[in-house]
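Below are the chains, spelled out letter by letter.
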Amino acid sequence: MQSACIFCIGICQTDSQLGKIIKRGGHVNTQTNYIFLYLISALSLGLVSSTSYAAKLEAAGSNSESKGASTPVNSKTRQQTKNTKLRSSKMSKAKVSQVRSRLDYYKVQRKDFLAAERAFKKKKIGEYKRLLANLRDYPLYPHLVHTDYSKRLKKLSNKQIENFIKKYGEVPIVRQLRFKWLAILAKKNMWRKFKNNYVTTTNTKFRCLYKAALYRTGQKKKALENMSSLWLTHKSLPKQCNFIINKWRRKGGLSRKLVWDRIELTFRKRAYRRARSLAKYLPKKERHWLTTWYQVYRKPQRLTQKKLLRSKNPIALKIITTGMIRMSRSKPDQAGKLWSSKISRKAFSPKQTAAIKRSIGLVYSYRRDAKANVWLSQIPNELADKQVKLWRVRSALAQENWQQVLTWINKLSAADQAETRWQYWRARALEASGQKRKAKRVYQKAAKSRSFEGFLAADRLKIPYTFENKSLFYPEDQLLRIESIIGITRARELYFLGRIKQARREWYYSIKNFSEKELKMAAVIAHRWGWYSHVISTLGKSTFRDDLTLRFPIAHKSTVIRQSTKTQVNPAWAMAVIRRESAFAPDARSHAGARGLMQLMPRTARFVARKMKTRVHRTSHLYRPNLNIRLGMNYLRMKLNTFKEHKVLATAAYNAGGHRVKKWLPKNKPKSADIWIETIPFTETRDYCRNVMAYMTIYEQRMGLTPQKISDRLPPIHTRSSQ
């Protein structure tokens, strides 16, 4: 047997010899073929025992996909069973060598793969087919065929596409092909074939088309089930939903309440212009309320209209609630006065009252205004969400009202109270209240954690930090067993070919059902490849956090050290910023458009480059690690200069911008840095500062530097006038 490659999701692609064996096997269903392929392949490598063959074959026959079903029956269970047995068996030294040779041989096949791609692109079909024939056992074989099929999808027969999807349907790129084909089937009104080949998706367009397919093939009741989940969205529904929405509406499924619920949702999500398009679904006598809602949302001062305030219609109360929340975001004082003078006497529900007080209270909290506690304390604890509960604590911290800090921490959920973060603040409050013995006990518990607050607690106790570095180690055969799973090998090949986006899809699809141990082994494998971002993200899916070598890689060290000498920026700080910004993914790009290792916005990068008397010729160059680090560390130096070497302020400014940090500075008197960090109004920046400060300490330890006390990095935050 030349080779065998095992699919993680239960379909096995083997060499041509195995294909011939199956062809001689007679008339068995397709799924049985795949299971049989899997077993022969696995047996040849010694990955499963021969005694499991009958059970596998029996399971394939009894659980085969029924005619007309949209998804395979118990596919997840079968997949997990296969993977568990595959990864739990032992592998002999000979088999280890065999699998390693197979993986090494892929290096040779990569060249043929690239040559086949070039031949296809240049339309050298003869050469392409010759190369393709030699790549049938290469993990990326379906990617090549997909490229061909996607170019001439409309010209292929349905049978060709169905066979390809049946064989490789679990490959993420083939899933894309499936939906392109489904769109063609829908245009041709081939609804039965559409229904039989549909798989579950979150894509609204295809969910609607599937329901239309069910309706058009006689399954009307099933088609109209759970339509409210499609309807209740703040987004516009695609035109493909019109058919099934109209059928649902004519059957009486679209109630007046559901229409108003969606309108309320769109206003809550600030999609107020989209809300106006829903007027056609309302009775004509109620459409004026939608116009009023829109007007109040645009100009909240219109809340004072007598007609609106006098109305007892429940919709009027929703409009007033939306308007009050909208007004409070920019003018909390005005919203508070309006509530006290005119609005509070309305018959609001407890939830509506809590929503209004929540909005006013949170805005005051973000501004570190003492009025925050007045409003947030009026919300019953059972109606207070997590954000309200945490900001009660933060508002008390901002005022350094330590008794209130303790009171509100006690109102947090048990899970939140157990977090190191809130243990630290409980200890701080106890210490400030004179209860030093109790504070010491809580500090001791918090200091066991390797975190920002854990390090601060250790500093309070004047004890060493807890790093708890525990390296993961697994036998070679176990690691190879994971690495030879077909989805992982596809990710591996794509990664080494520089197809990072596709590699990422394959990787996440392959590990989605991994156990805790398998996730840890996968992280070790990704670390071997140098794919540090996926080491970090994969371990993040597990509960294990103690291998610092894996979680805090020291990549691009020479570049960081060189730029550290030039910019006088702490190299551990730069590493911490990279770890927090991109997790060492050179191709990282944020929703806002920040790029590369240190997540630089193109405009910022060009600004820094001008200061350095150099140029960024193309935005895509920001994905180059050396350039990105060079610009990023110079930007850190600029922030340090702006904020007089204060690392906390410079870190916050790197994330949120210097103009915002200046607005957050205390007005009257200096503030303790730990309190200032915890009361930053932006969740992202608040956690960013905490993490970077902690990561800097970890990187100092990892890089052989002397870890500085984290408390020494937190000098008081001085007032705006002193900056």
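Going by the structure above, here's the rest.
These lines cover the structure that appears in this document, whether it is placed above or below.

Criteria and thresholds
- Residues numbered from 1 in each chain as written.
- Predicted model: local features only at pLDDT ≥ 70, side-chain atom pairs only at ≥ 80, totals over all residues.
- Heavy atoms only, no water.
- Helix = DSSP H or I, 4+ residues; strand = E, 2+ residues; numbered from the N terminus.
- Buried < 20%, exposed > 50% of the residue type's maximum accessible area, 1.4 Å probe, protein only.
- Contact = heavy atoms within 4.5 Å.
- Areas by Shrake-Rupley, 256 points an atom, 1.4 Å probe, with all protein chains shown as cover.
- Core = buried A, V, L, I, M, F, W, Y, C linked by side-chain atoms within 4.5 Å.
- Disulfide = S-S within 2.5 Å.
- Phe/Tyr/Trp six-rings, centres within 6.5 Å; stacked < 30°, edge-to-face > 60°.
- Polar contact = N/O pair within 3.5 Å; in protein donor to acceptor, adjacent residues only side chain to side chain.
- Axes fitted to C-alpha atoms, helices over the stretch in contact; angles between N-to-C directions.
- Nonpolar A, V, L, I, M, F, W, Y, C, P; charged D, E, K, R; others polar.
- Salt bridge = Lys/Arg side-chain N within 4 Å of Asp/Glu carboxyl O.
- Patch = residues over 30% accessible without salt bridge, like charges linked within 9 Å, V, L, I, M, F, W, Y side chains within 5 Å.
- Lys, Arg positive; Asp, Glu negative; His and termini not counted.
- Charge placed at Lys NZ, Arg CZ, Asp CG, Glu CD.

Re the overall build of the protein chain
In step 1: Regarding its fold elements, the protein chain presents 42 helices and 2 strands.
In step 2: When the 723 residues of the protein chain are sorted by exposure, 53% land in the buried category.
In step 3: Summarising the internal contacts of the protein chain: among those between residues at least 6 apart in sequence, 61% fall at separations of at least 24.
In step 4: When the accessible area of the protein chain is evaluated, it comes to approximately 35,000 Å², of which 49% is carbon and sulfur surface.

Brief notes about the nonpolar core
One recurring pattern in soluble globular proteins is that nonpolar side chains are buried together.
In step 1: In terms of nonpolar packing, the biggest core is built from 124 residues, with F194, W231, I263, F267, M324, W507 and W531 touching the most fellow members.
In step 2: The leading source of residues in this core is helix α9 (residues 172–187), at 10 residues.
In step 3: What W531 contacts, discounting residues up to four positions off in sequence, is A491, Y495, I500, A503, R504, W507 and A526.
In step 4: Residues L412, L461, M693 and I698 belong to the second largest nonpolar core, which totals 89 residues.

Quick notes on the state of the cysteines
In step 1: Across all of its chains, the model carries 1 disulfide by this definition.
In step 2: Two residues share a disulfide in this structure: C208 and C241, whose sulfurs sit 1.9 Å from each other. Across the S-S bond linking C208 and C241, the dihedral sits near 85°, which makes this disulfide right-handed. One end of the pair, C208, is in helix α11 (residues 204–216); the other, C241, is in the loop between α13 (227–231) and α14 (242–250), with 33 residues separating them in the sequence. This pair shows no difference in class: C208 is buried, exactly as C241 is.

Thoughts on the packing of aromatic side chains
In step 1: Counting across every chain of the model gives 36 aromatic pairs.
In step 2: On the basis of an interplanar angle of 55° and a centroid distance of 5.7 Å, the ring pair of F113 and Y138 is categorised as tilted. Here the residue F113 occupies a position in helix α5 (residues 93–121), and Y138 occupies one in the loop between α6 (125–133) and α7 (141–151), the gap between them amounting to 25 residues.
In step 3: The exposure class assigned to F113 is buried, which follows from its relative accessible area of 1%.
In step 4: An angle of 85° between the planes, with centres 5.0 Å apart, marks the rings of W231 and Y281 as edge-to-face. On the criterion of sequence distance, the pair formed by W231 in helix α13 and Y281 in the loop between α16 (272–275) and α17 (287–298) is long-range, its members being 50 residues apart.

Focus on the environment of L156
In step 1: With respect to the secondary-structure elements, L156 resides in the loop between α7 and α8 (158–168).
In step 2: Look past the residues within four positions of L156 in its chain and what remains in contact with it is Y149 and I161.

With respect to α7
In step 1: In terms of residue burial, α7 counts as a mostly covered element, since 8 of its 11 residues are buried.
In step 2: Where α7 is buried, its residues touch α5, α6, α8, α9, α30 (486–496) and α31 (500–511).

Focus on the side chain of E493
In step 1: Here E493 shows up in helix α30.
In step 2: Take E493: its relative accessible area is 0%, and that puts it in the buried class.
In step 3: For E493, the side chain forms a polar contact with the side chain of R492, separated by 3.0 Å.
In step 4: Excluding its chain neighbours within four sequence positions, the residues that come into contact with E493 are Y106, R110, Y138, P139 and L140.

A closer look at the packing of helix α28 (residues 452–461) against helix α42 (residues 683–702)
In step 1: Contact geometry for α28 and α42: axes closest at 8 Å, N-to-C directions at 65°. Two secondary-structure elements touch here, α28 through F452, E453 and F455 and α42 through R690, M693, A694, T697 and I698.
In step 2: Taken together, the residues of the contact of α28 with α42 break down into 5 nonpolar, 1 polar and 2 charged.

Digging into the pattern of salt bridges
In step 1: All told, the structure shown has 31 salt bridges when counted by the stated rule.
In step 2: Linking E645 and R637 is a salt bridge whose minimum nitrogen-to-oxygen distance equals 2.6 Å.
In step 3: For E645, a relative accessible area of 46% puts it in the partly exposed group.
In step 4: Note that D687 is salt-bridged to R690, the shortest N-O span being 3.2 Å.

Let's talk about unusual backbone geometry
In step 1: Non-glycine residue K123 carries a positive phi angle of around 65°.
In step 2: Within the element layout of this structure, K123 appears in the loop between α5 and α6.
In step 3: You can call K123 exposed: its relative accessible area is 70%.
In step 4: Notably, K613 is not glycine yet its phi reads approximately 60°, a positive angle.
In step 5: With respect to the helices and strands, K613 occurs in the loop between α37 (602–611) and α38 (625–642).
In step 6: Residue classification places K613 among the exposed residues on the basis of a relative accessible area of 79%.

Looking at the environment of A396
In step 1: By the secondary structure assignment, A396 is in helix α23 (residues 386–398).
In step 2: Spatially, the C-alpha atom of A396 lies 8.9 Å from that of A372, the residues being 24 residues apart in sequence.
In step 3: The contacts of A396, once residues within four sequence positions are left out, are N401, Q404, V405 and W408.

Remarks on the side chain of E678
In step 1: Here E678 is to be found in helix α41 (residues 673–678).
In step 2: Look at E678 and you get buried, because its relative accessible area is 1%.
In step 3: There is a polar contact of 3.1 Å between the side chain of E678 and the side chain of R421.
In step 4: Excluding anything up to four places from it in sequence, E678 contacts R394, L397, R421, W422, W425, E453, R686 and R690.

Digging into a positive patch on the surface
In step 1: Side chains of R273, R276, R298, K299 and R302 sit close together on the surface and give a patch of like positive charge.
In step 2: Tracing the backbone through its elements, the reader meets R302 in the loop between α17 and α18 (306–310).

Re helix α33 (residues 532–540)
In step 1: Among the residues of α33, those classed as buried are S533, H534, V535, I536, T538 and L539.
In step 2: For α33, the secondary structure elements touched by its buried residues are α31, α32 (516–529), α34 (548–551) and α36 (571–581).

Some points on the packing of helix α19 (residues 314–330) against helix α20 (residues 332–343)
In step 1: Two elements in contact, α19 and α20, have axes separated by 6 Å at closest approach and are oriented at 145°. The segment α19 lies against α20, with I320, M324, M327, S328 and S330 engaging P332, Q334, A335, L338, W339 and I343.

Points about the environment of V442
In step 1: As for its placement among the helices and strands, V442 is situated in helix α27 (residues 436–446).
In step 2: The sequence separation of V442 and Q423 amounts to 19 residues, and the corresponding C-alpha distance is 6.3 Å.

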